[in-house]
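The residues making up each chain are set out below.
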Amino acid sequence: MSVSLAKGQNGPLDVPEVIVSVQLAAAADLSALLVAGNGKVRSDADFVFFNQPTGPGVQLVPNPGGIASLKVSLAGVPADIEQVRAVITLDDTSSNFGRTAAPTARVSDAAGNVLYEYVIDGLSSESIVIALEVYRRQGAWKVRAVGQGYAGGFAALVTDHGVSVDDAPAPAAQAAPPQPAYNQPPQQPAYNQPPQQPAYNQPPQQQPAYNQPPQQQPAYNQPPQQQPSYNAPPVPPAPPVYNQPPAQPAEVSLVKGRPVSLTKGQKVTLRKEGGVALTLIQMGLGWDPIKKSGMFGSRTANVDLDASALLYADGNLVDVCYYGQLTSKDGSVRHMGDNLTGDGDGDDEVMTVDLQRVPAHVNAVIFTVTSYRGHTFEQVQNAFCRLVDSTTNSELARYTMQGGMPFTGMVMAKVYRQNGEWKLQAIGEGIQAKHAGEAAPQLGRFLMA
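The present account deals with the structure reproduced in this document. Computed from a predicted model, the values in this text were never measured in an experiment.

Topic: the pairing of strand E3 (residues 17-23)
Residues in a regular strand point their side chains to alternate faces of the sheet.
Phase 1 of the analysis: Here E3 pairs with strand E8 (residues 69-73) via 4 bridges, running antiparallel. Considered in E8, the bridge of Ile 19 is made with Lys 71.
Phase 2 of the analysis: Of the strand pairs in this sheet, E3 and strand E10 (residues 104-109) are connected by 6 bridges, and their pairing is antiparallel. Paired with Gln 23 across the two strands is Thr 104, which belongs to E10.

Pasting the structure below:
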């Protein structure tokens, strides 16, 4: 009996070989990207598609009159490959998945028994989707439903994974070296003439090229003393755009069935599609300790991270919900328990917030993760926080940290009131703290953001 997966869910693979197939009403191609721990292929040989149907441990199996399938021999996948990503690409690049019924991805064993099935709903304007991935976790193989549409085009997808694309647009021909006096009348021959030409000794105001960019100065090979304009004050340039403060990420809206992937600093109003305010939310936080290899094998650091929620009223800390106090004094925030290792998939710790029960004077709740034993986030990977609507158990937004940092604590996100509405902001800033008490004095700057 097959198991139905939802986006983000995973399941174990206990067979030596799996077949990944796709059911879709439109014409499409199935391909595979074999990626290492850095999210990229090792070489173009790790890209399996119709023009290169065989890769290490992965083979594209033709299906006359239909979409080809992928055969993955798990023992044949090289040890430094961590994920095999199955990608669906529509033949008609001007079309999109929103015009047909949702595609279905299936994972079967070698005998054809369906192990997992994933209906990739929620797609609209995308013509490419990473359907699912077969991946390693602590020496075992698993499958995860991904369902991530890609907007950059097929060439952008594969080049982002490190694949060379032969038919990419050729780079523009390199411009010829600038002619010395391209803004001067043709009759000005001073650049190629000997230094004794009278033009070089004329007053600066007669040198039409002195106001040109420095690389176009007619006498750049001449002794400095013959260049009167070199000591002239430069014309002040217009203020460059890159010196201006970076633009804040645009605020986004929640859409049913389409979780929002937040960037650092981005905000989202806690309001469902249609304008209905959220009332009961979950903040799920997760991470994985990095596995280190040594002379006697590999091991993971015994990292004990703790999630906390700190409640503020006009900049003043009024309550804390953490492993030592699993419920805030007003009962609005609840901690669902402490995970001592970070092992396992999905959320490592979950905190629920009843927005209707948060006291009126509390205007911000900041979520942090701290390392009780003092490990830094350099020893942690895949750290994320995600917002879930508790009434429907559906994920609404997710923020994923990029890379480890030399901090013992991380300010993940905050939920705050603004003009009578609750909002969520992704933060992702490091601090030095082993528990919520050490984190609290450092959070003032995030209340003002």
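Back to the text.
Comments concerning unusual backbone geometry
Phase 1 of the analysis: At Gln 138, a residue that is not glycine, the phi angle is positive and equals roughly 55°.
Phase 2 of the analysis: One non-glycine residue, Asp 314, adopts positive backbone phi at about 50°.
Phase 3 of the analysis: Mapped onto the fold, Asp 314 is located in the loop between strand E19 (305-313) and strand E20 (316-321).
Phase 4 of the analysis: Residue Asp 314 is classed as exposed on the basis of its relative accessible area of 66%.

A closer look at empty space enclosed by the protein
Phase 1 of the analysis: Tallied over the full model, the rule gives 1 cavity of 30 Å³ or more.
Phase 2 of the analysis: Put simply, the largest cavity is a space of about 40 Å³.
Phase 3 of the analysis: For the largest cavity, the full set of lining residues is Leu 262, Met 283, Cys 385, Ala 397, Arg 398, Tyr 399, Met 412, Ala 413, Leu 424 and Ala 426.
Phase 4 of the analysis: Secondary structure elements with two or more residues in the lining of the largest cavity: strand E25 (394-400), strand E26 (409-418) and strand E27 (421-431).
Phase 5 of the analysis: The element best represented in the lining of the largest cavity is E25, accounting for 3 residues.
Phase 6 of the analysis: When grouped by side-chain class, the residues that make up the lining of the largest cavity number 9 nonpolar, no polar and 1 charged.

Observations regarding the environment of Asp 44
Phase 1 of the analysis: Examined against the element boundaries, Asp 44 turns out to sit in the loop between strand E4 (28-35) and strand E5 (47-48).
Phase 2 of the analysis: On the basis of relative accessibility, which here comes to 31%, the residue Asp 44 falls in the partly exposed class.
Phase 3 of the analysis: Residues Asp 44 and Gly 55 lie 11 residues apart in sequence; the distance between their C-alpha atoms is 9.5 Å.

Focus: the nonpolar core
Phase 1 of the analysis: Formed by 39 residues in total, the largest nonpolar core has its most connected members in Leu 270, Ile 281, Met 283, Leu 285, Phe 367, Val 415 and Leu 424.
Phase 2 of the analysis: Of all the elements in the fold, those that place two or more residues in this core are strand E16 (280-289), E19, strand E22 (349-354), strand E23 (364-371), strand E24 (380-389), E25, E26 and E27.
Phase 3 of the analysis: Residues within four places of Leu 424 in sequence aside, it is in contact with Leu 262, Gln 266, Lys 267, Val 268, Leu 270, Met 283, Leu 387, Ala 397, Ala 413, Lys 414, Val 415 and Tyr 416.
Phase 4 of the analysis: Val 18, Val 77, Ile 88 and Ala 131 belong to the second largest nonpolar core, which has 38 residues in total.

Quick word on the packing of aromatic side chains
Phase 1 of the analysis: All chains considered together, the criterion is met by 4 aromatic pairs.
Phase 2 of the analysis: Seen from their ring centres, Phe 49 and Phe 50 are 5.4 Å apart, and the 75° between their planes marks the pair as edge-to-face.
Phase 3 of the analysis: You can call Phe 49 buried: its relative accessible area is 19%.
Phase 4 of the analysis: Here Phe 50 falls in the exposed class, since its relative accessible area comes to 55%.
Phase 5 of the analysis: Both rings, one in Tyr 322 and one in Tyr 323, keep their centres 5.2 Å apart while their planes meet at 75°; by these two values the pair is edge-to-face.
Phase 6 of the analysis: For Tyr 322, a relative accessible area of 28% gives the class partly exposed.
Phase 7 of the analysis: Look at Tyr 323 and you get partly exposed, because its relative accessible area is 33%.
Phase 8 of the analysis: One aromatic cluster is present, formed by Phe 47, Phe 49 and Phe 50 through successive ring pairs.
Phase 9 of the analysis: Above the plane of the ring of Tyr 416 lies Lys 414, whose end atom (NZ or CZ) is 4.7 Å from the centre.

Criteria and cut-off values
Residues numbered from 1 in each chain as written. Predicted model: local features only at pLDDT ≥ 70, side-chain atom pairs only at ≥ 80, totals over all residues. Heavy atoms only, no water. Pairing = 2+ DSSP bridges. Helix = DSSP H or I, 4+ residues; strand = E, 2+ residues; numbered from the N terminus. Buried < 20%, exposed > 50% of the residue type's maximum accessible area, 1.4 Å probe, protein only. 1 Å grid on protein atoms, 1.4 Å probe; cavity = no way out; pocket = protein on both sides within 12 Å on 5 of 7 lines; lining within 4 Å. Points joined across faces, edges and corners; volume = space filled by probe spheres on them. Nonpolar A, V, L, I, M, F, W, Y, C, P; charged D, E, K, R; others polar. Core = buried A, V, L, I, M, F, W, Y, C linked by side-chain atoms within 4.5 Å. Contact = heavy atoms within 4.5 Å. Phe/Tyr/Trp six-rings, centres within 6.5 Å; stacked < 30°, edge-to-face > 60°. Lys NZ or Arg CZ within 6 Å of the ring centre and 35° of its normal.

Bear in mind that shape data such as this cannot, by itself, settle questions of function.
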